Each structure stands twice: as C-alpha cells, then as structure tokens.
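The residues making up each chain are set out below.
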Amino acid sequence: MGEAREVMDRLTDAVTAHTDLKVVGELYAEDAVAFTPDEGELRGRDSIVEYWRTMTEAVPGATFEVLHSYEAGDTAIDEGIYRGRNTGPLEMPNGETLPPTQKEVRIRGVDIATVRDGRIVDYRLYFDEMDFLGQLGLLPDEPF
C-alpha cells in the first residue's frame, strides 16, 4: 500500500467511523483544493474541513462501503456507498439550514485524492446530488 492509499483510508475513517475533524484537517495540505457536487470548488484546508463538518453533522455515524479501491502513483480512488440517517441540520450552499429529515440515505459516489508529502493536495468527490436530495424528501413530487 502506498502513501496515497494510506491517506485516503485515514480520511474515510475520520469522516465516517470515528468522525474526527482534527484528523481530517491534518490530512489536507493548507492550500488543498477540493471539488464537490454540492459546494463546487473549495480552496484551502479550512474550507474543506468546514465542508466535512457540515456533512458529518447532517449525517452523523455514516458509513462508507468501498466497492472498488485503486491507487495509481500519488492518487487514490474509491468507489463506494455512503450510508446514514439525516439526524442533524443540513446546511445548504445558499446559507439556509434545513431541519433533519430523519430519512436514511444511500448514495453511490467516487472519491479521488492526490497526495503529496503525506497530505491531500487535490480532492474530488462525485455523487448524484439530485438522488441525495430525493432520498431526503427535499425534491418536489412533480417533475420540473
């Protein structure tokens, strides 16, 4: 196992099983960049840690089941299923906060982390945001 794989596995553990935002912060470079479907581009460690804070508070105790795991050079890639219950407030990109829905979510996604000197410098998260919002019951019943 290489450095990228080890760092990605530590990130997954810190975001799910043990929810430790201090560890999350230690895993990202100060000038790291992340891209997410719901927040777009995030620049800097503090912004990325804040993103993970909102996710872990909205769905505390979530799990991530790895379906496929890869490492190529300085990059680790995971495809898997994120599961949990929305028992905390959900902060929206526009600044609004939605109350917990108490609904279970099951989201298939892909994480890609490029690591240099033991820290993530570039992180990309892909998941179907409409599927996530639909599972939370936050989409209208009628098609647009």
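Residues numbered from 1 in each chain as written. Predicted model: local features only at pLDDT ≥ 70, side-chain atom pairs only at ≥ 80, totals over all residues. Heavy atoms only, no water.

J.: Can you walk me through the pairing of strand 7 (residues 104-116) in this structure?
T.: Along any regular strand, the residues point their side chains to alternate faces of the sheet. Pairing between strand 4 (residues 75-85) and strand 7: 11 bridges, direction antiparallel. Residue pairing across strands places Ala76 opposite Ala113, the latter belonging to strand 7. By the bridge criterion, eight bridges tie strand 7 to strand 8 (residues 119-127) in an arrangement that is antiparallel. Pairing of Ala113 across the sheet is with Tyr123, part of strand 8. Turn length for the strand 7-strand 8 hairpin, with the two strands adjacent in sequence and antiparallel, is two residues, and the turn residue Asp117 shows positive phi of about 55 degrees. (Pairing = 2+ DSSP bridges. Helix = DSSP H or I, 4+ residues; strand = E, 2+ residues; numbered from the N terminus.)

J.: What exactly am I supposed to notice about the layout of surface pockets here?
T.: Using a probe with the size of a water molecule, rolled over the atoms, empty space left in the structure can be pinpointed. Considered as a void within the structure, the largest pocket measures approximately 210 Å³ in volume. In terms of lining, the largest pocket is formed by 15 residues, of which the most central are Asp38, Glu39, Thr54, Glu91 and Pro93. When contributions to the lining of the largest pocket are tallied by element, the ones reaching two or more residues are helix 3 (45-58), strand 5 (90-91) and helix 4 (129-135). Among the elements that make up the lining of the largest pocket, the one with the highest residue count is helix 3 (five residues). When the residues that make up the lining of the largest pocket are grouped by side-chain class, the tally is eight nonpolar, two polar and five charged. (1 Å grid on protein atoms, 1.4 Å probe; cavity = no way out; pocket = protein on both sides within 12 Å on 5 of 7 lines; lining within 4 Å. Points joined across faces, edges and corners; volume = space filled by probe spheres on them. Nonpolar A, V, L, I, M, F, W, Y, C, P; charged D, E, K, R; others polar.)

J.: I'm lost on the UniProt feature "domain: SnoaL-like" (unreviewed entry) in the protein in this one. Help?
T.: Mapped onto this structure's residue numbering, the UniProt feature "domain: SnoaL-like" (unreviewed entry) falls at residues 10-123. Measuring from the first to the last C-alpha atom of residues 10-123 gives 14 Å, for a span that is 24% helix and 49% strand. (UniProt positions renumbered as here; feature names shortened; annotations may be inferred.)

J.: Would you explain helix 1 (residues 3-15) in this entry?
T.: Over its 13 residues, helix 1 runs 18 Å from end to end, which matches the ideal 18 Å to within 8%, given 1.5 Å per residue. Looking at helix 1, one finds that the buried residues are Ala4, Arg5, Val7, Met8, Leu11, Thr12, Ala14 and Val15. (Expected span 1.5 Å × (residues − 1). Buried < 20%, exposed > 50% of the residue type's maximum accessible area, 1.4 Å probe, protein only.)

J.: Any chance you could explain the packing of aromatic side chains here in plain terms?
T.: Think of a pair of aromatic rings as described by two things: how far the centres are apart, and how the planes are tilted against each other in angle. In this structure the tally under the stated criterion is four aromatic pairs. On the basis of an interplanar angle of 80 degrees and a centroid distance of 6.0 Å, the ring pair of Tyr28 and Tyr123 is categorised as edge-to-face. You can see Tyr28 sitting in strand 1 (residues 28-36) and its partner Tyr123 sitting in strand 8, a full 95 residues away along the chain. With relative accessibility at 0%, the residue Tyr28 sits in the buried group. Centroid distance Trp52 to Tyr123: 6.0 Å. Interplanar angle 70 degrees. Geometry classified as edge-to-face. Here Tyr123 lies in strand 8 and Trp52 lies in helix 3, a separation of 71 residues in the sequence. Grouping residues by exposure puts Trp52 and Tyr123 together as buried. In textbook terms, an aromatic cluster arises when at least three aromatic residues are bridged by ring pairs, as seen for Tyr28, Tyr51, Trp52 and Tyr123. (Phe/Tyr/Trp six-rings, centres within 6.5 Å; stacked < 30°, edge-to-face > 60°.)

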